[in-house]
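Chain by chain, the residues run as shown.
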Amino acid sequence: MSEAQDEYVEKKPFDFRLFFRFMFIAFCVVCFGVYVGNIVFGKRSLDVMLSLQDQRTRLQEDIETLKAQNAQLQKAYFELKELEPSSGG
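Keep in mind that what you see is a predicted model, and the values were worked out from it rather than measured. (Residues numbered from 1 in each chain as written. Predicted model: local features only at pLDDT ≥ 70, side-chain atom pairs only at ≥ 80, totals over all residues. Heavy atoms only, no water.)

Q: Sorry, what's going on with the overall build of the protein here?
A: On a plain count of helices and strands, the protein comes out with three helices and zero strands. Seen in sequence order, the protein has helices and strands lined up from the N terminus as α-α-α. When burial is assessed residue by residue, the protein has 2% of its 89 residues classed as buried. Accessible area for the protein stands at about 9300 Å²; split by element, carbon and sulfur atoms hold 63% of it. (Helix = DSSP H or I, 4+ residues; strand = E, 2+ residues; numbered from the N terminus. Buried < 20%, exposed > 50% of the residue type's maximum accessible area, 1.4 Å probe, protein only. Areas by Shrake-Rupley, 256 points an atom, 1.4 Å probe, with all protein chains shown as cover.)

Next comes the structure, spelled out in structure tokens:
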């Protein structure tokens, strides 16, 4: 080989600081990936939140329907209660 190629091919000593810097960055990237994956697919995911909001809306509608039915049934109950003969007399 020529002298220019010999200088170019010259081996450098292993740089531990560069290695640890790379490992730290790789570790941070993996941790961030796990965090984002947990947000998207975990117990507190967007899909779970949206389904719970839909369930809450349906339950609130059911509450309003049951309140209306309860009012009608109470009205019918009190009407029947007044038709009964009083037993005190």
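Now, onward.
Q: Before we go on, may I ask you to explain the packing of aromatic side chains in this structure?
A: Any pair of aromatic rings gets described here by the distance separating the centres and the angle formed by the planes. Tallied over the entire structure, the rule returns three aromatic pairs. On the numbers, 6.4 Å between centres and 25 degrees between planes, the contact of phenylalanine 16 with phenylalanine 20 is stacked. Of this pair, phenylalanine 16 and phenylalanine 20 both sit in helix 2 (residues 16-41), four residues apart, which is roughly one turn of that helix. For phenylalanine 20, a relative accessible area of 52% translates into the label exposed. Between phenylalanine 19 and phenylalanine 20, the ring centres sit 5.5 Å apart and the planes meet at 65 degrees, which makes this aromatic pair edge-to-face. Clustering of aromatic rings is evident, with ring pairs tying together Phe16, Phe19 and Phe20. (Phe/Tyr/Trp six-rings, centres within 6.5 Å; stacked < 30°, edge-to-face > 60°.)

Q: What am I meant to see in the state of the cysteines here?
A: Defined simply, a disulfide is a covalent bond joining two cysteines at their sulfur atoms. Here the structure, examined in full by the defined rule, presents zero disulfides. There is no disulfide at cysteine 28, and the cysteine sulfur nearest it, in cysteine 31, is 6.6 Å away. (Disulfide = S-S within 2.5 Å.)

Q: Can you walk me through helix 2 in this structure?
A: An α-helix turns once per 3.6 residues; consequently, residues spaced three or four apart project the same way. Given a rise of 1.5 Å per residue, 26 residues ought to cover 38 Å, and the 37 Å separating the end C-alpha atoms of helix 2 matches this to within 8%. Where burial is concerned, little of helix 2 is hidden: zero out of the 26 residues are buried. Backbone nitrogen of arginine 17 and a side-chain oxygen of the N-cap are separated by 3.3 Å at the start of helix 2; the cap is aspartate 15. (Expected span 1.5 Å × (residues − 1). Polar contact = N/O pair within 3.5 Å; in protein donor to acceptor, adjacent residues only side chain to side chain.)

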